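Geometric and topological summary
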Amino acid sequence: MGMMKGAAALPLNAILDGDCVERMNALPANSIDLIFADPPYNLQLRGDLHRPDNSKVDAVDDAWDQFDSLKIYDAFTRDWLAAARRLLKPNGAIWVIGSYHNVFRLGAELQNQGFWILNDVVWRKSNPMPNFRGKRFTNAHETLIWASKGEGAKYTFNYEALKALNEGIQMRSDWMIPLCTGHERLKDEAGDKAHPTQKPMALLHRVLLGTTNPGDVVLDPFFGTGTTGAVAKMLGREFIGIEREESYRRIAEKRLAKVRKFDRSALEVTTSRRAEPRVAFGVLVERGMLRPGEQLVSARGATAKVRADGTLVGHDVKGSIHQVGAAIEGAPSCNGWTYWHFMRDGQPVPIDVLRQQIRAEMREG
């Protein structure tokens, strides 16, 4: 019951204003499935800024001693990551993204707090900004860190879906995705970039497709112009954004109002066959869904008869639904579930329909 009450208290699909740590601390613990965080590294802190010795820094852009600035950044990182950790469900996970300025400090603090790093992912920009002064390499990538709540913690990983997205090959940890440009780049009233580091939707699509499920709650504590929310909405996930800058919130709200959800069937992704309960063809015969002696047909008109033990006989071949299908086709293998059909009211129906009925009962049971 406590979980349900907590879930009801979440401000779903809303953009919250104010300080991200305060806002996160006001949300119920163990209520978020995934956090995606793109924290600022050139931190423009509000109000007076004090050095560790309590002397005041005159202005936010003061070139104060680098050690002071790193200390302040680390304290900020510690605070928001602690707030994030409290919010995550035990099987929740977090993604952080950064560049060489800050990502190593983020990674160290994630480990300090007990998060368990699952992967770091290099986002290779296919169209990076050139290095104008020619003093260093062109910065052509950013680094994402994906971490679960702790060692041995469960987390969501839609391996098969990402493999399908990658044309049947395992998804690697280096992602070639262009910078946010052209039609996707949001502009302000003056026609300038609305946000300096707007993330491409393709990046969030891959993160959310791979590490959340429809209906999951995704929190972005540095919401900016709302890429995380836009992709979450499209993919049927719930989102919560936190953003202190009013101009970004306004742009994000306008953007989100235009986003349409995909329909349910479009959100179903390839799942691991291992994840589905195994059903033997013989179970269909045992249950009387198919009778011994009943004829099955293939799309090309081949036929075989069902035997009492859940094997088939046809064309001088006996064996499983897969073996008989393969023998008839002269193929090395065959998926008998999709190959064979039974006749109902004069129409062929794949036997897989019967398997799905049994699976549905098993899930309910």
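Residue positions are counted from 1 within each chain, in the order its sequence is given. Thresholds applied to this predicted model are a pLDDT of at least 70 for local features of residues and 80 or more for the giving and counting of side-chain atom pairs; totals over whole chains, interfaces and linings are not thresholded and use all residues. Working from all heavy atoms in the structure, the side-chain values ignore hydrogens and water.

1. Some thoughts on the confidence of the model for the protein
For clarity, the cut-off: Known as pLDDT, the predictor's per-residue confidence is scaled from 0 to 100. Any two residues having at least one pair of non-hydrogen atoms within 4.5 Å are treated as being in contact.
Confidence along the protein averages 87 in pLDDT terms, with 88% of residues attaining 70 or more. Contacts from residues 1-7, a stretch scored under 50 in pLDDT, to residues over four places away or in other chains number three contacts.

2. Remarks on unusual backbone geometry
Rule in force here: Runs of H or I in DSSP of at least four residues are treated as helices and runs of E of at least two as strands, each being numbered from the N terminus. Think of it in three bands: with a 1.4 Å probe and only protein chains considered, a residue is buried below 20% of the maximum accessible area for its type, exposed above 50%, and partly exposed in between.
The phi angle at asparagine 30 is positive, at roughly 55°, despite the residue not being glycine. Tracing the backbone through its elements, the reader meets asparagine 30 in the loop between helix H2 (20-25) and strand E2 (32-37). Judged by its relative accessible area of 30%, asparagine 30 falls in the partly exposed class. Of note in this structure, glutamate 167 is not a glycine but carries a positive phi near 55°. Its location among the elements puts glutamate 167 in the loop between helix H5 (159-165) and strand E8 (174-177).

3. Some words on the sheet that holds strand E10 (residues 238-242)
Quick note on the threshold: When DSSP finds two or more bridges between two strands, those strands count as paired. Each axis is a line fitted through C-alpha atoms, taken for helices only over the stretch in contact, and angles between the N-to-C directions span 0 to 180 degrees.
Spatially, E1-E10-E9-E2-E5-E7-E6-E8 is the arrangement adopted by the eight strands of the open sheet, whose pairing is mixed. Looking at which strands have only one partner, the edges of the open sheet turn out to be strand E1 (14-16) and E8. Each neighbouring strand pair of the sheet contributes to a mean axis angle of 20°, computed without reference to strand direction. Those strands touched by helix H6 (residues 201-211) are E2, strand E5 (88-98), strand E6 (116-125), strand E7 (141-148), E8 and strand E9 (217-220), and its axis lies near 140° from that of E8.

4. Focus: H6
Burial within H6 is extensive, with nine of its eleven residues counted as buried. All of the buried residues along H6 are Met201, Leu203, Leu204, Arg206, Val207, Leu208, Leu209, Gly210 and Thr211.

5. Things to note about the packing of aromatic side chains
Just so we agree on the cut-off: Ring pairs shown here join Phe, Tyr and Trp side chains whose ring centres sit within 6.5 Å, with only the six-membered ring taken for Trp; geometry is labelled stacked below 30 degrees between planes, edge-to-face above 60, and tilted in between. Geometrically, a lysine NZ or arginine CZ counts as sitting over a ring once it is within 6 Å of the ring centre and also within 35 degrees of the ring normal.
Scanning all chains against the criterion turns up eleven aromatic pairs. Residues tryptophan 95 and tryptophan 146 carry aromatic rings whose centres are separated by 5.6 Å and whose planes lie at 10° to one another, so their mutual orientation is stacked. Of this pair, tryptophan 95 sits in strand E5 while tryptophan 146 sits in strand E7; the two residues are 51 residues apart in sequence, bridging distant segments of the chain. With respect to class, tryptophan 95 is no different from tryptophan 146; both count as buried. The interplanar angle of 15° and the centroid separation of 5.7 Å between the aromatic rings of phenylalanine 223 and phenylalanine 239 together place this pair among those described as stacked. Highlighted residues: phenylalanine 223 in the loop between E9 and helix H7 (227-234) and phenylalanine 239 in strand E10, separated in sequence by 16 residues. Joined through ring pairs, the aromatic side chains of Trp95, Trp146, Tyr155, Phe157, Tyr159 and Trp175 make up one cluster. Lying over the aromatic face of tryptophan 175, arginine 206 brings its terminal NZ or CZ to 5.1 Å of the ring centre.

6. Focus: the sheet that holds strand E12 (residues 303-306)
In spatial order, the strands read E14-E13-E12-E11-E15-E16; together these six strands make up an open sheet with antiparallel pairing. Each edge of the open sheet carries a strand with a single partner, namely strand E14 (317-319) and strand E16 (347-350). Between one strand axis and the next, the sheet turns through 35° on average, direction left out of account. As paired strands, strand E11 (residues 295-298) and E12 are joined by three bridges and run antiparallel to one another. In the strand pairing of E12, glutamine 295 is matched with lysine 305. Against the sheet, helix H11 (residues 321-329) touches E12, strand E13 (312-314), E14 and strand E15 (340-344), its axis set at about 155° to E14.

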